[in-house]
Amino acid sequence: MLIGVISDTHIPSRSYEIPEKVFEVFKGVDLILHAGDVETPGVIRKLEEIAPVTAVCGNCDGNIGLNEYEILSIDNLTIGLTHGVVYPKGDEQQLYYKAKELNVDILINGHTHQALIKQIDDILLLNPGSPTQPRLSDPTVMLLEIKDSNVDAQIIKVGQPTCKALDFSQFRR
């Protein structure tokens, strides 16, 4: 199974749209997982034009009807999907314990806007970064291939690095 993983799109508050490169990367995926900070159901509908979407609520999502976490079983693996709000932000030890609490093999989270692939003991931590609002990194998404209980996670760059905190041109039309 080929899965597109995305997070922290922040549309419309911080970006106008998902970059076209994301749709090119996700073409042909079987499923899309969104790790929160969707902000509007329109983002999910747009992604559903490619494949079915499972999304979770991020800290900027308000009440758009998403759960705090989702658990999926794919090819004898259990995947947890959450936004990953822990303090300090992105703390891998707390994310590891969240995975243990959810009883999953893989924990996918967002929130940091920085991509991550990290194996800690028996838990694989994944973060696709952000395609629209990266923090001190490139705009990214992730492709996750699961076959015969083997996992191949790949971070895909979908644009040029930009310090969005200082780039006010994005808000002009």
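Residues numbered from 1 in each chain as written. Predicted model: local features only at pLDDT ≥ 70, side-chain atom pairs only at ≥ 80, totals over all residues. Heavy atoms only, no water.

Asks: For this particular structure, what's the right way to read the sheet that holds strand E2 (residues 31-34)?
Replies: Strand pairing in a sheet takes place through backbone hydrogen bonds and is either antiparallel or parallel in direction. Read across the open sheet, the five strands follow the order E3-E2-E1-E9-E10; overall the sheet is mixed. Strand pairing shows two members of the sheet lacking a second neighbour, strand E3 (53-55) and strand E10 (150-157), which therefore form its edges. Pairs of neighbouring strands in the sheet enclose a mean axial angle of 20°, with direction left out of account. Note that strand E1 (residues 2-6) and E2 share four bridges and pair parallel. Bridging from a neighbouring strand, isoleucine 6 pairs with histidine 34 of E2. (Pairing = 2+ DSSP bridges. Helix = DSSP H or I, 4+ residues; strand = E, 2+ residues; numbered from the N terminus. Axes fitted to C-alpha atoms, helices over the stretch in contact; angles between N-to-C directions.)

Asks: Quick question: what am I supposed to make of the environment of threonine 54 here?
Replies: Counting through the fold element by element, threonine 54 comes out in strand E3. With sequence-adjacent residues up to four places away left out, threonine 54 is seen in contact with Leu31, Ile32, Leu33, His34, Glu70, Leu72 and Leu81. (Contact = heavy atoms within 4.5 Å.)

Asks: Before we go on, may I ask you to explain the side chain of histidine 113 in this structure?
Replies: Looking at where histidine 113 falls in the secondary structure, it is placed in the loop between strand E6 (106-108) and strand E7 (115-120). Looking at histidine 113, the relative accessible area reads 1%, which means it is buried. A polar contact is formed between the side chain of histidine 113 and the side chain of histidine 10, at a distance of 3.3 Å. (Buried < 20%, exposed > 50% of the residue type's maximum accessible area, 1.4 Å probe, protein only. Polar contact = N/O pair within 3.5 Å; in protein donor to acceptor, adjacent residues only side chain to side chain.)

Asks: Explain helix H3 (residues 92-102) here, please?
Replies: Each α-helix turn comprises 3.6 residues. Residues three or four places apart therefore point the same way. Those residues of H3 that fall on the buried side of the exposure criterion are Leu95, Tyr96, Lys98, Ala99 and Leu102. Here the buried residues of H3 occupy an arc of 160° about the axis, which is enough to place them on one side. Exposed residues pointing more than 90 degrees away from the buried face of H3 are listed as Gln93 and Glu101. Contacts from the buried residues of H3 go to strand E4 (69-74), E6, E7 and strand E8 (123-128). Asparagine 103 sits one or two residues past H3 and shows a positive phi near 60°. (Arc of directions from axis to C-beta.)

Asks: Hey, could you run me through the pairing of E4 in this one?
Replies: Side-chain direction in a regular strand flips from residue to residue, so the side chains alternate between the two faces of the sheet. In the sheet, E4 pairs with strand E5 (residues 77-82) via six bridges, with the strands oriented antiparallel. Note on E5: the bridge partner recorded for leucine 72 is isoleucine 79. Connecting E4 to the next strand, E5, in antiparallel fashion are two residues, including aspartate 75 with a positive phi near 50°.

Asks: Can you walk me through the sheet that holds E5 in this structure?
Replies: Strand order in the open sheet made by the five strands is E4-E5-E6-E8-E7, with mixed pairing throughout. A single partner strand is all that each edge strand has here, and the edge strands are E4 and E7. Across the sheet, the axes of successive neighbouring strands diverge by a mean angle of 15°, strand direction being ignored. As judged from the three bridges shared by E5 and E6, these two strands associate in the parallel manner. Note that in E6 the partner of isoleucine 79 across the bridge is isoleucine 106. Lying on the sheet, H3 is in contact with E4, E6, E7 and E8; it crosses E8 at an angle near 115°.

Asks: Quick question: what am I supposed to make of unusual backbone geometry here?
Replies: Most peptide bonds are trans, and most residues other than glycine sit at a negative phi. Omega for the peptide link from isoleucine 11 to proline 12 comes to 15°, which places this bond in the cis form. Counting through the fold element by element, proline 12 comes out in the loop between E1 and helix H1 (20-26). The phi dihedral of histidine 10 is positive, around 50°, even though this residue is not glycine. Mapped onto the elements, histidine 10 comes out in the loop between E1 and H1. We note that aspartate 37 has phi near 60°; this positive angle belongs to a residue other than glycine. Secondary-structure assignment places aspartate 37 in the loop between E2 and helix H2 (41-47).

Remember that the coordinates give geometry; whether it matters functionally is a separate question.
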